[in-house]
Amino acid sequence: MSYFASAQHEKERLLYFVSPEGRDDLYQYNQKERRTVLEVLDDFPSVQMPFEWLVQLVPPLKTRAFSISSSNSVHPNQVHLTVSVVSWTTPFKRKRTGLCSAWLAGIDPQKDIGVNIPAWFNKGSLPPPPPSLPLILIGPGTGCAPFRGFIEERALQSKSGSTAPILFFFGCRNEKNDFLYKDFWLSQSQNSGLLSEERGGGFYVAFSRDQPAKVYVQHKMREHSKTVWSLLSEGAAIYVAGSSTKMPADVMSAFEEIISEEIEVPKESAVRWLRALEKAGKYHVEAWS
Ligand SMILES: Cc1cc2nc3c(=O)[nH]c(=O)nc-3n(C[C@H](O)[C@H](O)[C@H](O)COP(=O)(O)OP(=O)(O)OC[C@H]3O[C@@H](n4cnc5c(N)ncnc54)[C@H](O)[C@@H]3O)c2cc1C
Ligand SMILES: NC(=O)c1ccc[n+]([C@@H]2O[C@H](COP(=O)([O-])OP(=O)(O)OC[C@H]3O[C@@H](n4cnc5c(N)ncnc54)[C@H](OP(=O)(O)O)[C@@H]3O)[C@@H](O)[C@H]2O)c1
């Protein structure tokens, strides 16, 4: 850009950014503020870069992954996604929204007929569980997406045969604002539904911002440690999904504590127990940030 800048102060600023002294400022300007290519070009209007240069320099849009949140048997020929609109404020107090999630949210199904949403299918890292496998699912926020599909599928299977129980730990910010699929989980946890205690299952929800102290899924797991251990000792598989990068490690620590306390063994033995579960292909994590 400095090569194409015709204004001296812009050229100097750009050269400063690529110098060793300007490295931290460049990081603040660029990465921290997550400036787009268009915003950078706007900030340096004297840069008249030939179009061919621009298209070679600008990286192509990267694809975004979304978990499929519906069962193919329950909704044939449909794919449901559960997408949270990403938004945050930068250190310079600029409001930012996620490119793909905000674009998807802005599409109006009534008006924007014919909009093309390019999509591909990739094999995910959470294998579909067989109906006979007991499950402990941990999915705060949009992490519930794959589990809605699992639970829909198993609820259907349970109408024609026997199925193993499911414990589902869900978490969100507030009961009022982002209790995703509330009616579905509650209907499955009542009247002998798949997540009901009569069927050996359970649905437990942590609202993190409805009280002064944070309550997370791992707190709910600890509250129900006996039920968790009981299902684990019956051979349950664990599935963890969600957007917080710290959550999977915190959930793993909660399992370590639960196992160690319930069977009265040292923490190291609980860690080994969980490693063996992982090795056996029964501890799955899909996390993104
Ligand atoms: C396997 C997998 C499954 C996924 N499943 C789902 C799903 O089911 N539902 C779902 O909603 N998403 C899911 N995601 C995440 C999804 O792919 C996108 O990353 C997400 O929707 C954001 O994309 P975007 O284009 O809206 O945001 P982008 O424009 O890509 O912006 C996101 C980026 O902004 C930055 N950012 C975001 N928040 C902040 C903050 N508070 N402070 C500073 N920087 C920040 C981060 O660098 C972040 O990577 C999944 C990801 C993976 C890898
Ligand atoms: N969910 C919303 O209402 C909402 C609204 C606007 C934008 N968004 C955007 O969408 C993105 C993804 O949203 P999301 O709904 O999937 O997730 P999320 O709302 O960021 O998180 C889901 C739940 O997990 C909790 N959590 C945070 N750290 C945790 C940890 N270490 N262990 C266990 N639980 C933890 C969160 O609590 P705390 O956040 O209270 O700590 C929240 O209750 C967010 O990053 C945000 O940018 C979400």
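Residues numbered from 1 in each chain as written. Chains lettered and ligands numbered in written order. Predicted model: local features only at pLDDT ≥ 70, side-chain atom pairs only at ≥ 80, totals over all residues. Heavy atoms only, no water.

1. Digging into the site of ligand 1
- Around ligand 1, the structure places 20 residues, and the nearest of them are Arg 64, Ala 65, Thr 82, Cys 100 and Ser 101.
- Between ligand 1 and Cys 100, the relevant distance is 2.7 Å, taken from an oxygen atom to a main-chain nitrogen or oxygen of the residue.
- Summarising the interface, the protein chains cover 70% of the accessible area of ligand 1, which totals 980 Å² for the free molecule.
- Its residues assigned to classes, the shell around ligand 1 comprises 9 nonpolar, 7 polar and 4 charged. (Near = heavy atom within 4 Å. Polar contact = N/O pair within 3.5 Å; in protein donor to acceptor, adjacent residues only side chain to side chain. Areas by Shrake-Rupley, 256 points an atom, 1.4 Å probe, with all protein chains shown as cover. Nonpolar A, V, L, I, M, F, W, Y, C, P; charged D, E, K, R; others polar.)

2. Here we look at the sheet that holds strand 6 (residues 237-242)
- Read from one edge of the open sheet, 5 strands run 5-4-3-6-7, paired in parallel fashion. Of all the strands in the sheet, the pair left with one neighbour each is strand 5 (202-207) and strand 7 (283-287). Strand-to-strand twist of the sheet, defined as the mean angle between neighbouring strand axes without regard to direction, takes the value 10 degrees.
- Judged from the 5 bridges that link them, strand 6 and strand 7 form a sheet pairing that is parallel. If you follow Tyr 239 over to strand 7, its bridge partner there is His 284. (Pairing = 2+ DSSP bridges. Helix = DSSP H or I, 4+ residues; strand = E, 2+ residues; numbered from the N terminus. Axes fitted to C-alpha atoms, helices over the stretch in contact; angles between N-to-C directions.)

3. A word on the packing of helix 10 (residues 247-262) against helix 11 (residues 267-279)
- Their axes nearest at 8 Å, the elements helix 10 and helix 11 cross at an angle of 120 degrees. On the basis of the axis angle, helix 10 is oblique to helix 11. Of the two possible hands of crossing, helix 10 and helix 11 adopt the one that is right-handed. Contacts between helix 10 and helix 11 involve Met 252, Phe 255, Glu 256, Glu 257, Ile 259 and Ser 260 from the former and Lys 267, Ala 270, Val 271, Trp 273, Leu 274 and Glu 278 from the latter. (Parallel < 35°, antiparallel > 145°, perpendicular 65-115°, else oblique. Left-handed = near helix turned anticlockwise from the far one by under 90°. Contact = heavy atoms within 4.5 Å.)

4. With respect to the UniProt feature "domain: Oxidoreductase FAD/NAD(P)-binding" (unreviewed entry) in the protein chain
- The positions that UniProt labels "domain: Oxidoreductase FAD/NAD(P)-binding" (unreviewed entry) are, in the present scheme, residues 137-248.
- Structurally, residues 137-248 comprises 35% helix and 19% strand, and the distance from its first C-alpha atom to its last is 12 Å. (UniProt positions renumbered as here; feature names shortened; annotations may be inferred.)

5. Topic: the packing of aromatic side chains
- Summed over all chains, the structure comprises 21 aromatic pairs.
- Taken together, a centroid distance of 5.2 Å and an interplanar angle of 35 degrees make the contact between Phe 169 and Tyr 204 tilted. Here Tyr 204 lies in strand 5 and Phe 169 lies in strand 4 (residues 166-172), a separation of 35 residues in the sequence. We note that Phe 169, like Tyr 204, is buried. (Phe/Tyr/Trp six-rings, centres within 6.5 Å; stacked < 30°, edge-to-face > 60°. Buried < 20%, exposed > 50% of the residue type's maximum accessible area, 1.4 Å probe, protein only.)

6. Section: the pattern of salt bridges
- Under the counting rule described, the total for this entry stands at 10 salt bridges.
- One salt bridge in this structure joins Asp 108 and Lys 111, with 3.9 Å as the shortest N-O distance.
- On the basis of relative accessibility, which here comes to 68%, the residue Lys 111 falls in the exposed class.
- Glu 262 is the partner of Lys 226 in a salt bridge, and the nearest nitrogen-oxygen pair spans 3.4 Å. Of this pair, Lys 226 sits in helix 9 (residues 225-233) while Glu 262 sits in helix 10; the two residues are 36 residues apart in sequence, bridging distant segments of the chain.
- In this structure Glu 262 comes out as partly exposed when scored by relative accessible area, which is 23%. (Salt bridge = Lys/Arg side-chain N within 4 Å of Asp/Glu carboxyl O.)

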